[in-house]
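The residues making up each chain are set out below.
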Amino acid sequence: MEVDPPPPMPSYFDPESSGRREEYRRYRKRLSSSNASPMSGTTLSKFSEARLFCDGNSIQRRPNAGLLLEEIKQEAADISDFDCLEGSKLSGSAKRRASLNSSDAGFSSGRQAVWSTLKSVKLEDDMPHEGDTTFTMFASLLDSAIQGLIPFPDVILQFERTCRNASESIRSAATGRLRMVEDKLMQQKAQLLLDEAASWSLLWYLYGKGNEELPGELFVAPTTSHQEACRFVATDLTAQLCMRIVLWLEGLASEALDLEKKVRGSHVGSYLPSSGVWYHTQRYLKRNNNDTTIVKHVDFDAPTREGAQLLPDDKKQDELLLEDIWTLLRAGRLEEASELCRSAGQAWRAATLCPFGGIDLFPSLEAMLKNGKSRTLQAIELESGVGRQWRLWKWASYCASEKIAEQDGGRYEMAVYALQCSNLKRILPTCTDWESACWAMAKSWLDVQVDLELSQYQSSRQEEKQFDDEMNGTQPMLSSAGPESWPSNVLDQQPRDIAALLQKLHSSDFVHETVSRACWEQHRQIEMNLISGNIAHLLDLLWSWVSPSEEDQNILRPRDDPDMIRFGAHIVLVLRYLFSDEVEDEFEEKLVAVGDLIINMYVRYLFSEQQEELVGVYASQLERDICIELFVEMMELRLNSSLHTMYKLFLSAVEYLPFSSGDASKACLEEIIERVLSRSRELKPNTYYEDLSDVAEKHHLQALQKAMVIQWLCFTPPSSIPNFQMITGKLLIRALMHSNTLFREFSLISMRRVPELPVGPHKLLAILAEPLKQKEDLFSLEDPEVFGNFWEFEDWHKYYSLDATYRSWLKFEMENASISPEILSAEEKSQAVAAASETLELAFLLLFREDKPWLNAVESSPFESSELIFLELNATAILCLPSGEYMRPDATSCTALTSALYSTVSEGDVLHRQLKADVKISSKDPCCIQVSLRCLAVEGDGFGLHEANDGGLLAAIMAAGFKGELSRFQPGVSMEISRLDAWYSDGHGSVESTAAYIVRGLCRRCCLPETILRSMQASISLSEAGDSLDHCDRLIELVASSESGMMHLFSQQQLQEFLLFEREFFLCKMELEEEELPADG
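The structure displayed is predicted, hence computed values, not measured ones.

Undergrad: Would you explain helix H42 (residues 996–1024) in this entry?
TA: Given 3.6 residues to a turn, an α-helix orients residues that are three or four positions apart in the same direction. Look at H42: 42 Å from first C-alpha to last across 29 residues, which is about the 42 Å you get at 1.5 Å a residue. Of all 29 residues that make up H42, 27 are buried, and the element is covered over most of its length.

Undergrad: Hey, could you run me through the pattern of salt bridges in this one?
TA: A side chain of one charge can pair with a side chain of the opposite charge if their charged atoms are brought near each other. A complete count under the given rule lists 55 salt bridges for this structure. In this structure, arginine 349 and glutamate 413 form a salt bridge, with 3.4 Å as the shortest nitrogen-oxygen distance. A residue pair is termed long-range when its members are at least 10 positions apart, and arginine 349 in helix H14 (residues 347–353) and glutamate 413 in helix H19 (residues 411–421) qualify at 64 residues. Residues aspartate 950 and arginine 1005 are paired through a salt bridge, measuring 3.0 Å at the closest nitrogen-oxygen approach. Within this pair, whereas aspartate 950 is found in the loop between strand E6 (942–943) and helix H41 (952–962), its partner arginine 1005 is found in helix H42, the two being separated by 55 residues in sequence.

Undergrad: Quick question: what am I supposed to make of the environment of glutamate 867 here?
TA: Mapping glutamate 867 onto the fold places it in the loop between helix H38 (826–847) and strand E1 (870–880). A residue is classified by how much of its surface remains accessible, and glutamate 867, at 36% relative accessible area, is partly exposed.

Undergrad: What is the right way to look at the environment of glutamate 872 in this model?
TA: Mapping glutamate 872 onto the fold places it in strand E1. A sequence separation of 113 residues divides glutamate 872 from serine 985, and the C-alpha atoms of the two residues are 7.1 Å apart. Beyond its immediate chain neighbours, meaning those up to four positions away, glutamate 872 contacts Leu933, Arg934, Leu954, Asp981, Ala982, Trp983, Ser985 and Gly989. Of the polar contacts made by the side chain of glutamate 872, one reaches the side chain of serine 985; its length is 2.9 Å.

Undergrad: Quick question: what am I supposed to make of the pairing of E1 here?
TA: Along any regular strand, the residues point their side chains to alternate faces of the sheet. In terms of burial, E1 is largely enclosed, as ten of its eleven residues are buried. For E1 and strand E4 (residues 929–936), the ladder comprises eight bridges, and the chain directions are antiparallel. Each residue of the ladder has a partner; that of asparagine 874, found in E4, is serine 932. Judged from the eleven bridges that link them, E1 and strand E7 (residues 974–985) form a sheet pairing that is antiparallel.

Undergrad: Please clarify how the packing of aromatic side chains should be interpreted in this entry.
TA: This model, assessed by the stated rule, comprises 34 aromatic pairs. With a centroid separation of 5.6 Å and 90° between ring planes, the pair formed by tryptophan 796 and tyrosine 799 is classed as edge-to-face. Note that tryptophan 796 and tyrosine 799 are positioned in helix H37 (residues 784–817) at a spacing of three residues, about one turn of the helix. Accessibility expressed as a relative area gives 2% for tyrosine 799, which makes it buried. Aromatic rings pair up to connect Phe743, Phe793, Trp796, Tyr799, Tyr800 and Trp854 into one cluster. Over the ring of phenylalanine 607 we find arginine 638; its NZ or CZ atom is 3.8 Å from the centre of that ring. Over the ring of phenylalanine 870 we find arginine 934, and its NZ or CZ is 3.9 Å from the ring centre.

Undergrad: Explanation requested: the side chain of serine 985 in the structure shown.
TA: Here serine 985 shows up in strand E7. Beyond its immediate chain neighbours, meaning those up to four positions away, serine 985 contacts Leu868, Ile869, Phe870, Glu872, Arg934, Ser990, Val991 and Glu992.

Undergrad: In this structure, what is going on with the packing of helix H27 (residues 562–578) against helix H28 (residues 585–608)? I would like to understand it.
TA: How two helices sit against one another is set out by the angle between their axes and by the gap between those axes. The contact between H27 and H28 brings their axes to 9 Å, and the two run at 140°. Regarding the angle of H27 to H28, the classification is oblique. The handedness of the crossing between H27 and H28 is left-handed. When H27 is examined against H28, the residues Pro562, Ile565, Arg566, Gly568, Ala569, His570, Val572, Leu573, Leu575 and Arg576 are found in contact with a partner set consisting of Leu591, Val592, Gly595, Asp596, Ile598, Ile599, Met601, Tyr602 and Tyr605. The residue makeup of the contact of H27 with H28, split by class, is 13 nonpolar, three polar and three charged.

Conventions adopted
- Residues numbered from 1 in each chain as written.
- Predicted model: local features only at pLDDT ≥ 70, side-chain atom pairs only at ≥ 80, totals over all residues.
- Heavy atoms only, no water.
- Helix = DSSP H or I, 4+ residues; strand = E, 2+ residues; numbered from the N terminus.
- Expected span 1.5 Å × (residues − 1).
- Buried < 20%, exposed > 50% of the residue type's maximum accessible area, 1.4 Å probe, protein only.
- Salt bridge = Lys/Arg side-chain N within 4 Å of Asp/Glu carboxyl O.
- Contact = heavy atoms within 4.5 Å.
- Polar contact = N/O pair within 3.5 Å; in protein donor to acceptor, adjacent residues only side chain to side chain.
- Pairing = 2+ DSSP bridges.
- Phe/Tyr/Trp six-rings, centres within 6.5 Å; stacked < 30°, edge-to-face > 60°.
- Lys NZ or Arg CZ within 6 Å of the ring centre and 35° of its normal.
- Axes fitted to C-alpha atoms, helices over the stretch in contact; angles between N-to-C directions.
- Parallel < 35°, antiparallel > 145°, perpendicular 65-115°, else oblique.
- Left-handed = near helix turned anticlockwise from the far one by under 90°.
- Nonpolar A, V, L, I, M, F, W, Y, C, P; charged D, E, K, R; others polar.

Now the structure itself:
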């Protein structure tokens, strides 16, 4: 059977690249405030605080009336369903709330009040489940670190603790409650969280744990071998790295022991006192001692001295004892292992583990502090020399491990002695997992480095002894394999560098098969990259795991590994802050480029899980353009969601981003809002096939989406945000400006006389109704620009109120016309009459204004007549037949429409104004056309004061197309607008500024004649109902008056229709007069 070849070694095992670790090794410089986990008294940011709607002192102000209404409806629904809730569901919700409220609020932040506001609008369904709590906790901790409330090294430890707590919760929740398959999946998830906790722990040991100076007062004179070893490890980078790896892996093993004790209620070393004194062998020797294979004595040297064995029961008991000793040594619990030996009746074994009076020989500051100024080792070395007894102990341990291996003794006993002397080939057979193998290699290599450093003291002593021997004439004794040559016996077993150490973990010739197989697990690869310092490769690795696959390029749907996406995003951000002051340009570029991809993916995942309140803390760390584009996309996708969901996303943006930024490299909310508004007016890509019947309907529904965008500007930021009132005012002013732009476009697509209300403008008015009630507190009308926009908004408000009333009357008229007059009730007639009267009343208020004409387009140009300035008007529209059905454009119709646009003005105007017209099919939507008009600015139309109040030449041309009165085009075919923009440009086509007077004048050309015609229609209806008021006379006088300027706004067909209405009115009036004559007689 063929065996698959082993996978190639990763590139980060290149020995030449191992030097890059030196460049970013944080622990050689960083001094942390503490080296212990700050698990008590730490703060969590806004994500961990939940407040009630009323905090006892004040009631939080609702940011939007719609939010309050939506919340009241939800509470009513919750109350009605309360009795149906199960107790388990209630307790689960309470439990989730308790988990969010359990953290200590040690620090205060302006963002806490924001979170309070958000919590008050958060529905019960939005409360995080067990899995969501981990994401919330991570966001909370990161937010606190970014604000400076928690040091980043401490945050790393908090991340580790969060993963461990989540893993423990999953294990306890899954125990005995799930089916076998589900339980296995939950256990796997819990183990993955433990693996992540291990990676965070390693990151802290490598980059977060400070490198403290060794206190001079702890050194004794002359110094001991242990103190010299500590001094060496503190200054040598390789030895320091090995020590931190050992401490990391021993810490993981210790955590595992504590967890096992907590879960199972047992602990290693749970033996009866004196269980290791070979009780069964003693009893056997008292009864019978003829068996030569059994020892004759029970001292601890007997098996070796006599070449015999213990009874199987005692041998098994010894092996179990040594297994637990190995487990404790693996967890760095040397004292517990020694105490276990003594409690088991093997005090001699404890002495072999802790020589020199039981002092701690690990070369660390903690060991120095623990030993204090103990003189035991110093006294020993004053007699025998520095490090001599150290080497003798190592040599004895080496001989013991080799002897046990020759006699095929217990593997744990062999490993325990081999561990004392770095005899790696006798340790690794016992290491059946990746952590144990890595720990054994790192610890052995560390010990050998220390031994090599201490060997210099032996060399100097050998030279002195050799000099004495020569003076005395004696022959020196040479030993090539004794303790004097230590550590040459085990030197060839050690790795040359970090890359070689990691390479050995991959090789099944040196380690157990499960160890080499574990090297390909995700978190093992992460940890090996961290150990080697190859952060650039780590970033590439993380992105390859979380990026969309080649088959699925939809970046909005990340891979199904949310925990890895979360880990990747947080480690990128932590590394950015840790390396902020000591990275090279190439590495910084990698950390930004690939890091932004990973963070972007995580933000999208949170967004897809409806955790909008968490996205801000991460999105704000992205590059400017990526951050802006991401928020714009999220706002577009949440446009049709509930107000609560939209407000969560708005809060996430307004809290973590500045409203406006002077730094071109930073994103700001103002630019995001501008981009959202701009893109909302852009034509969305569409592909139509056979069915074209609903094109016009879809075109009208796009107006609703445009109007919904204004909601983002109508939310009120929390009062905790700096200058929140100023931000609210600016947002509302921008809402007025954008709504006026939309009102102009909406007015040109709502000309048809049908009962149905245009959804866009009335949705816009509904959204703005509540915020504008507070306008006096938010902005001043003394600013001319603000005043102009507010005045135009009021004009449009009146216009659409009239439009709604007219359509209401038209609905009554159409319903009444469908019923026979004989059965039509008086109430139905009175409803139509009342609606017609209200329509005329509103129309006269709009048409007969004394102060300022409706939608005043009189505007002074910002340019001088000496400049070369052009006027441009661009429109996106669809073509509609007189019946309202859609007409698909083609090259022929575009050419004909271009010719028809030219024909609306004289040839002299075309030449004098350098008129250019162009019509083409839209590249985004084949059902739409793009119309571009351009002409030279002249006095009164582009220069000076535009007194005509009709938009000038370009508005006149475009009005003919909107009214369907192009002379050289298909009769009755009109353009329905989707987007309309006008601006000033220079000779090169560069935009100088907007020319709003053109669009307003165009709206006057289209809306005012239509309003008058509708009023005539309603007036005639009243006359037919017996109303004797001369409404039509006032309208006729208005149109005929030269002062009003209404006549030239009418097209030829509109004038004909007006004359027909006038004739109908006079006929109706004459009939009424004839009916009144007989009554008078």
